[in-house]
Every structure is written in C-alpha cells, then in structure tokens.
Amino acid sequence: MKKKKTIIKITLIFAFLMVNTSFLIKPGVAKYLSGPTMVYAGKNVNLSWYVDTVKYDSADTSSLIYSSYEGGDWIQVGEKLGTGLKGFSQPLIKLGNWDFKVVIWTLVKFGFITILLPVETEVIENIQCVFPKNIKVDVQIMYDDAAMNEMFTKWGLISRFLPLYVDSILDDSYQNYWEEDIDFFAYKLPQWFIHDPYQYYFDNWDNYNDLPDNQGNGEKFDIGILFTSDVNRPYAGIKWPNSNKVIINVYYIELLDWNNNFEEGLFSVIMHEVGHCFGITGEGNVGGNDQKGLLDSTGDTARRDKSGNIIGGIRRSVMDYYYGLRSYNDKFDQGHKNTIASNIARCVS
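Let me sum up the structure you'll find in this document. This is a predicted model, so every value here is computed, not measured.

Here we look at the side chain of D333
- Its location among the elements puts D333 in the loop between α7 (321-324) and α8 (334-347).
- Within the structure, D333 has its side chain in polar contact with the side chain of H336 (distance 2.6 Å).

Thoughts on the pattern of salt bridges
- Applying the stated criterion across every chain, the model contains four salt bridges.
- One salt bridge in this structure joins K55 and E120, with 3.0 Å as the shortest N-O distance. Taken together, the residues span a long stretch of sequence, with K55 in the loop between β3 (44-51) and β4 (61-69) and E120 in strand β8 (residues 113-130) at a distance of 65 residues.
- Residue classification places K55 among the partly exposed positions, given a relative accessible area of 43%.
- Given the relative accessible area of 9%, E120 is considered buried.
- As a salt-bridge pair, K133 and D181 come within 3.7 Å of each other at their nearest N and O atoms. Of this pair, K133 sits in the loop between β8 and β9 (135-143) while D181 sits in the loop between α3 (162-178) and β10 (182-185), and the two are 48 residues apart along the sequence.

Parameters and conventions
- Residues numbered from 1 in each chain as written.
- Predicted model: local features only at pLDDT ≥ 70, side-chain atom pairs only at ≥ 80, totals over all residues.
- Heavy atoms only, no water.
- Helix = DSSP H or I, 4+ residues; strand = E, 2+ residues; numbered from the N terminus.
- Polar contact = N/O pair within 3.5 Å; in protein donor to acceptor, adjacent residues only side chain to side chain.
- Salt bridge = Lys/Arg side-chain N within 4 Å of Asp/Glu carboxyl O.
- Buried < 20%, exposed > 50% of the residue type's maximum accessible area, 1.4 Å probe, protein only.

Below you can see the structure in the form of structure tokens.
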C-alpha cells in the first residue's frame, strides 16, 4: 500500500511539473541567437547561439533547432549537444520569409526527481531568402538549313532575327519575376550565332563553347540552343542530358496545342527548355507520381495534342509562355521559382 501511494505521489508531482514548468522556459528574440537577415536562394543560412556553461551541465543539455517557412508550422531541422558556442547551417531553397527557433533542453532536478525540460527558447525572425543578384546568362545559338527553311516558308521568320527572339523571350519570361537581377544575352555575332547544318558544333558543344575574347560575362557560353526541323525527332524541344544544350525542333511546334500561334509556341518551348537547364526536371511526371503538382522539380507543362491526348505533366502554368499570358496567370509557379532561384547561380559561368 505504501509503495502504491508513493507511485501516486510521484505521478501527481510529475503531472504538476509538466503543467507548471512554463516559468522555466525563458523565451527571447535573438539575445544569444544570431543569424543573417537575408540569404540568396541555394546558399546556407548560418546560425549561432550560446548555451551557458555555468547554468547547464554539458552532458545533460542539448539544443533543438526548428524552422518555419512563411509563418507555417515549426519543423525540427537539427540538434546540437552540449554547452558553449553552437552553430547550425542549412541551405535555403524556397524564396520567402524564414524564422528559426532554438530550444535548449536540460535535466532539471526537483528533490529526488530529475526531468528533461525545455529551459530556454530563442527565435530569430524574418530571414529573407531572395533571388541571387546580377545573374548574367550568355546564350549561343546554332541553326541548320531545315529549321530556317521551315520557319521562313511557313511563318515568315528570318534566321537573322533568332538572337533577338531568344534574348527577348528569355528576358521577358524571367525578368517578369526577378527584374534586372537576371539578364540574358544573345547576339548576331561570330561565335554567338552559328550556321551548323550537320550539327557538328552542337554535338561537340561542351568542348567548344568558349566565349570570344573580351565578350560575354564569363569564360564559356552558359546555354547552347540548336534550331532544327526534323520529323524523326518526336519532340518540340529537349534539354540534352548532363549538358546545358537544348534542341528546338520547329517541325513539331505546329503540332502542339497553341491554337496555331507558332510564335508564342516557339517562345514557350525555348522558355521551357531553358528552365530545365536551371534545375527543373520531369521527375514528378514519371509514373504520374506528382498528379497534384507538389514536387518543385516537376517541370513539364500539361496540354492536349490535336487528337485530344494529354501530354506532359499536370502543372499547366509551368514554364510555358503561351499559357502564362492567358488564364493560367504565371509563366512559373512558386515551386519552380524556388527551384530556379536555388540552382541558377551554379548553372551559369
């Protein structure tokens, strides 16, 4: 009976402590916790804080780190053991507002009872994850005779205007979100604009894509785009695996559902494939495992072909100039803005 009463007392004391230990927790706003106010997407946020070596025993103390994105739920992202100066680093891959919180836990004694409790909490708020500054993208254009003949014969587009088209559509598409923080460059100049009838230059682009001396913004072209017209290539555009080179197949552009608006269809394919160069993939389309469009990296726009068959992915507003100008409102959705922002700095020279 005595043992039973003792167990009851301990249980009641423990319940009392769990309900009434808020006085032990000392919330503060970045008294010891420090971090930046702004981080470029894809870069690390670096936090530091101090766990008092006098107040707490190192063996019994740990710090739990939490993050909150755009005012959402707190999610634990790390843990650091012991006392003294502590640090935490994590890349931010979503544009917007981030808050971080550190909760210090330690063993607290109440008579003969020792309980692990949170004793201090500190929060650092409003760390902004932003698009990188001053991104400059040099684009090399290649074309063969089939592409030029098809574009001129059917739509009256002259080859010499291709650099203007490419520069304008990419600036319009990307500066719509990031203004002058990103700029594309394409010119009708030697080595920038190449007649490549046999695709030799395109096939060897990764070895021959040096920028001319004193031109451009880096050492190499960042993106290479080949325009062709080929009935045997069953796609309107493709980003080459493991390379930032792109094929635009104008033959198939007229077969897709842009209401016979070839020019905007061409713009859409260019914009879309360049998005793949900046980290967007089609992973969520494989096996239809992203039907709600939740994976940031799912990149193919959904549409119907002229036979009514659905092709591409589920997110119609993604990476598509034509639909972006109409009822879908955005040329990119938020997930793709996050992915592009966090990858673009490492994708350009």
